[in-house]
Structures are given as C-alpha cells and as structure tokens.
Amino acid sequence: MLARGGSAHLGASILIFGYFAYLLGVGWWERTPAAIGVATIAAVLYGSILWGVLPTDPRVSFEGHLFGFIGGLVAAAMLHRQRPGGR
C-alpha cells in the first residue's frame, strides 16, 4: 500500500532486513550480555546492509527493505520488553 509502482516488492532481502532489525532490537530491549553480544556481532558484520534502506536503485524496493526493518524492530519490541516481576 505504501510502495511505489514499477519495482518488485517481494524478495528474501525484506526478510533479511527483518531478521537483522530483530537481532538489533533484542539486544536493545533485552539487554542481557548474550543479546547485546549477538546484536553487536550482527551490527559489525552486517551493518552495511542498512544502505539498502536508501533509495539508490529505482528497480530495488527500498520500501520493502525499510518496512522489513521496521517489522523486525516491532517484533523485537513486542516479544522482548522487560516483563513485570521478571529480571
């Protein structure tokens, strides 16, 4: 609904952006040493994929990448926030 016409908006890269954002989000919201370590490793090794969110090639759906990333952050926020009476 929010994407422009003339480009493909399906592909594995949308899922990859979602997984990447999920790992970063879990590190942010969970804040355990293991989660922070995984998020740091993901950011160091794969942080350059964030350039895919910028509209550089008109044939590539940067909207798909952007909303995949947002979806991963939302999933991490919903699943890994501090629980009352928990940690």
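Everything discussed here concerns the structure shown above.
Criteria and thresholds
Residues numbered from 1 in each chain as written. Predicted model: local features only at pLDDT ≥ 70, side-chain atom pairs only at ≥ 80, totals over all residues. Heavy atoms only, no water. Helix = DSSP H or I, 4+ residues; strand = E, 2+ residues; numbered from the N terminus. Buried < 20%, exposed > 50% of the residue type's maximum accessible area, 1.4 Å probe, protein only. Contact = heavy atoms within 4.5 Å. Areas by Shrake-Rupley, 256 points an atom, 1.4 Å probe, with all protein chains shown as cover. Core = buried A, V, L, I, M, F, W, Y, C linked by side-chain atoms within 4.5 Å. Patch = residues over 30% accessible without salt bridge, like charges linked within 9 Å, V, L, I, M, F, W, Y side chains within 5 Å. Salt bridge = Lys/Arg side-chain N within 4 Å of Asp/Glu carboxyl O. Polar contact = N/O pair within 3.5 Å; in protein donor to acceptor, adjacent residues only side chain to side chain.

## Some details on the overall build of the chain
Piece 1. Within the chain one finds three helices and zero strands.
Piece 2. When the helices and strands of the chain are placed in sequence order, the string is α-α-α.
Piece 3. Counting across all 87 residues of the chain, residues that qualify as buried make up 26%.
Piece 4. The long-range share in the chain, meaning contacts at least 24 apart out of those at least 6 apart in sequence, stands at 75%.
Piece 5. Accessible surface computed for the chain: about 6000 Å², of which carbon and sulfur atoms make up 74%.

## Things to note about the nonpolar core
Piece 1. Ranked by size, the top nonpolar core spans six residues in total: Phe17, Phe20, Ala21, Ala42, Val53 and Phe69.
Piece 2. The biggest single contributor to this core is helix α1 (residues 12-30), with three residues.
Piece 3. Excluding residues within four positions of it along the chain, Ala21 makes contact with Phe69, Gly72 and Leu73.

## Observations concerning a nonpolar patch on the surface
Piece 1. Taken together, the side chains of Phe67, Ile70, Val74, Met78 and Leu79 present a nonpolar region at the surface, about 490 Å² in accessible area.
Piece 2. With respect to the element layout, Val74 can be found in helix α3 (residues 62-80).
Piece 3. On the basis of relative accessible area, Val74 is assigned to the partly exposed category, the value being 40%.

## A word on the environment of His80
Piece 1. Looking at the secondary structure, you find His80 in helix α3.
Piece 2. Counting along the chain gives 54 residues from His80 to Val26, while the straight-line C-alpha distance between them is 6.2 Å.
Piece 3. Not counting residues within four places of it along the chain, the set of residues in contact with His80 comprises Tyr22, Val26, Trp29 and Glu30.
Piece 4. Polar side-chain contacts of His80 include one of 2.8 Å to the side chain of Glu30.

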